[in-house]
Each structure stands twice: as C-alpha cells, then as structure tokens.
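This is what each chain is made of:
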Amino acid sequence: MSVAMIRLDNVTVRFRIPHEQIPTFQEYAIRWLKRRRIRYTDFNALSNVSFSIDQGETVGIIGANGAGKSTLLKVIARVIRPTLGRVRLQGRVAPLLELGAGFDYEMTGRENVFLNGAVLGFSRKDMAQRLERIVDFSGIGDFIDAPVRTYSSGMVARLGFAVATDVRPDVLIIDEVLAVGDAEFQQKSAARTREFRESGSTILVVSHSLTSIKTLCNRAIWLEHGTLRGIGPVDAVIAQYAPSWPS
C-alpha cells in the first residue's frame, strides 16, 4: 500500500497588499493612532489547492513566474501557514527553498554548516562527523573557513545543498537550487537526487527547466495564478503547459 508523504486539502494562501506604500513602521503607527484608514487588496497566492504525493515519487512543479510555485513549497515546508486548508507531512523534511536561506553571511562556511545542521535537527557532534563529507561534496575546499559573504552564489548553493542532503531525508524540497553552479555540480546534485529517489525519498522540485523536470520527475504539477491547472504524468502535464516544447 502506498504511503502519502505530502497531502494538501483545499489549501489557500491569502496576502493583504496595501494600496499605497508605507515606508516605515513609525508612519504606520501614526496612521493607526489617527484612525486613518489603510486600504488593502486581498491577493490569493494559492487558491483551493489539493493533491497528495506518495512515498518515493519525484514531482516537479511548473508554471510561469508568479504562479505560486515558491509559495507552495513554503507551505509544504511549514515556513508559512495556509490561510485556509490543511497540510499533512510524514517523516523528516529537508527544504532547500532559497539561495542562502538560513545562512549568516558574516560567519564562515564551517560555522554555517553547524548552524544549518542545528536548524535541520542535528547535534554538533553529528555535524562534526559529517563535516569532511559535506566540504568534499560541495567543492568549497579552503573557502570553508572564509566568511560566506565572500562566496559566489554558486558556492552558497553548493554548500547549502551539501548540508541538507548529506543524510537522506524522507522528503526533499528543492526550489531552483539545482540550476545554480557549474555543470559538474549540477550533475552531482542531480545524481544525488536520483539516488534518494531510488532509495525511497519523496522529492518535490521547482524548476524553470522543463528538461530537468522531465529528467528527474515521474509526475508534474502545473500552477497558474495560484490555481492547480494540471497534475499527472510528467510528459502529459508538460504537453499541456508548453505544447510547442521542445521547439
């Protein structure tokens, strides 16, 4: 019997956008004290989204910019709470949501390895035992003791990916990280992702590269303006989303 590792039931995420910019908290407080009404528009980043993903599936999320892809990943990773609906997860989740998320750029790469490990629930002893493996996979080398602010974007992504994936998670959530870095690292990260998939991990990945989605995923989810437009076998959903692809 298949096990649902990720399940969303009628999830809506609603943001309130002010009609005019209020540059400081002080100005906001003055307006509030004077009872000057601040007008808002409600915006649904996700609207009534429902689906489930079983153990061992690799599912790609596709859609244009602003479709709600990153919001969906943040809801699943429990970074933000849905306005309506319910999200259920099983097992240990390793989210790679944004380039450099969770990094302190004034700290060294080594210090950030321990910091990220703590965020993911690992002890300092665990991380000390894994440090050499992480540095080797990331290819950071001697830069591990340099401040992260001196790193390129590719180096930050490589180190973050190496930390989060050193131990196989039950659920791996990836937002465009595989598209960062040189070709060699992209191949290494894709190979590790495939190893996790073959070992039973559930993987959810956002990418603008339809080639990457087709290579890595067995199913796809198509979002448009926060609405679920399609879900199913990867080839069928890509054909709906981009009928002329590949050109």
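All values reported here derive from a predicted model rather than from experimental measurement. (Residues numbered from 1 in each chain as written. Predicted model: local features only at pLDDT ≥ 70, side-chain atom pairs only at ≥ 80, totals over all residues. Heavy atoms only, no water.)

(A) The sheet that holds strand E8 (residues 219–224), seen in detail. Taking strand neighbours across the sheet as the criterion, the 6 strands line up as E5-E6-E7-E3-E8-E9 in an open arrangement whose pairing is mixed. Strands with a single pairing partner mark the edges of an open sheet, and in this sheet they are strand E5 (93–96) and strand E9 (227–233). Ignoring strand direction, the axes of neighbouring strands in this sheet form an average angle of 15°. Taken together, the 6 bridges between E8 and E9 define a ladder with antiparallel strand orientation. Bridge pairing links Trp222 to Gly230 in E9. (Pairing = 2+ DSSP bridges. Helix = DSSP H or I, 4+ residues; strand = E, 2+ residues; numbered from the N terminus. Axes fitted to C-alpha atoms, helices over the stretch in contact; angles between N-to-C directions.)

(B) Examining helix H4 (residues 124–138) more closely. In the structure, H4 departs most strongly from a straight axis at Arg130, where the bend amounts to approximately 50°. Three or more residues of H4 are buried, namely Met127, Arg130, Leu131, Ile134, Val135, Phe137 and Ser138. One or two residues past the end of H4 sits Gly139, with phi positive at roughly 75°. (Bend = angle between axes of the 7 residues up to and from the residue. Buried < 20%, exposed > 50% of the residue type's maximum accessible area, 1.4 Å probe, protein only.)

(C) Expanded view of the pairing of strand E3 (residues 58–62). Judged by how many residues are buried, E3 sits mostly within the fold: 5 of 5 residues are covered. A two-sided burial pattern is seen for E3, the buried positions comprising Thr58, Gly60 and Ile62 on one face and Val59 and Ile61 on the other. Two strands pair when backbone bridges link them, and E3 and E8 are joined in this way by 4 bridges, in the parallel orientation. Within the sheet, the bridge partner assigned to Ile61 lies in E8 and is Ile221.

(D) Representation of the side chain of Arg158 in the model. Summarising the element assignment, Arg158 is placed in helix H5 (residues 153–164). Judged by relative accessible area, which is 15%, Arg158 ranks as buried. Every residue in contact with Arg158, bar those within four places of it in the chain, is listed here: Ser138, Gly139, Ile140 and Phe185. (Contact = heavy atoms within 4.5 Å.)

(E) Quick peek at the packing of aromatic side chains. Summed over all chains, the structure comprises 2 aromatic pairs. Aromatic pair Phe137 and Phe161: ring centres 6.1 Å apart, planes at 25°, arrangement stacked. In this pair, Phe137 is assigned in helix H4 and Phe161 in helix H5, connecting sequence segments 24 residues apart. For the pair shown, Phe137 and Phe161 are each scored as buried. With a centroid separation of 5.7 Å and 65° between ring planes, the pair formed by Trp222 and Tyr241 is classed as edge-to-face. Note that Trp222 is positioned in strand E8 and Tyr241 in helix H8 (residues 234–241), a separation of 19 residues in sequence. Directly above the ring of Phe122 sits Arg130, whose terminal nitrogen or CZ lies 4.2 Å from the centroid. A cation over a ring is seen here: Arg192 above Phe137, with NZ or CZ 3.6 Å from the ring centre. (Phe/Tyr/Trp six-rings, centres within 6.5 Å; stacked < 30°, edge-to-face > 60°. Lys NZ or Arg CZ within 6 Å of the ring centre and 35° of its normal.)

(F) Focus on the packing of helix H3 (residues 109–119) against H4. Two elements in contact, H3 and H4, have axes separated by 10 Å at closest approach and are oriented at 130°. One way to sum up the angle between H3 and H4 is to call them oblique. As for the relative orientation of H3 and H4, their crossing is right-handed in sense. On H4, the residues that touch Arg110, Val113, Phe114 and Gly117 of H3 are Arg124, Met127, Ala128, Leu131 and Ile134. For the contact of H3 with H4, the per-class residue count stands at 6 nonpolar, 1 polar and 2 charged. (Parallel < 35°, antiparallel > 145°, perpendicular 65-115°, else oblique. Left-handed = near helix turned anticlockwise from the far one by under 90°. Nonpolar A, V, L, I, M, F, W, Y, C, P; charged D, E, K, R; others polar.)

(G) Structural detail: the nonpolar core. In this structure, Val113, Tyr151 and Leu159 are the most contacted members of the largest nonpolar core, which totals 41 residues. What Tyr151 contacts, discounting residues up to four positions off in sequence, is Gly109, Ile140, Phe143, Ile144, Ala146, Val156 and Leu159. Formed by 27 residues, the second largest nonpolar core is a distinct cluster that contains Ala77, Leu89, Leu97 and Ile221. (Core = buried A, V, L, I, M, F, W, Y, C linked by side-chain atoms within 4.5 Å.)

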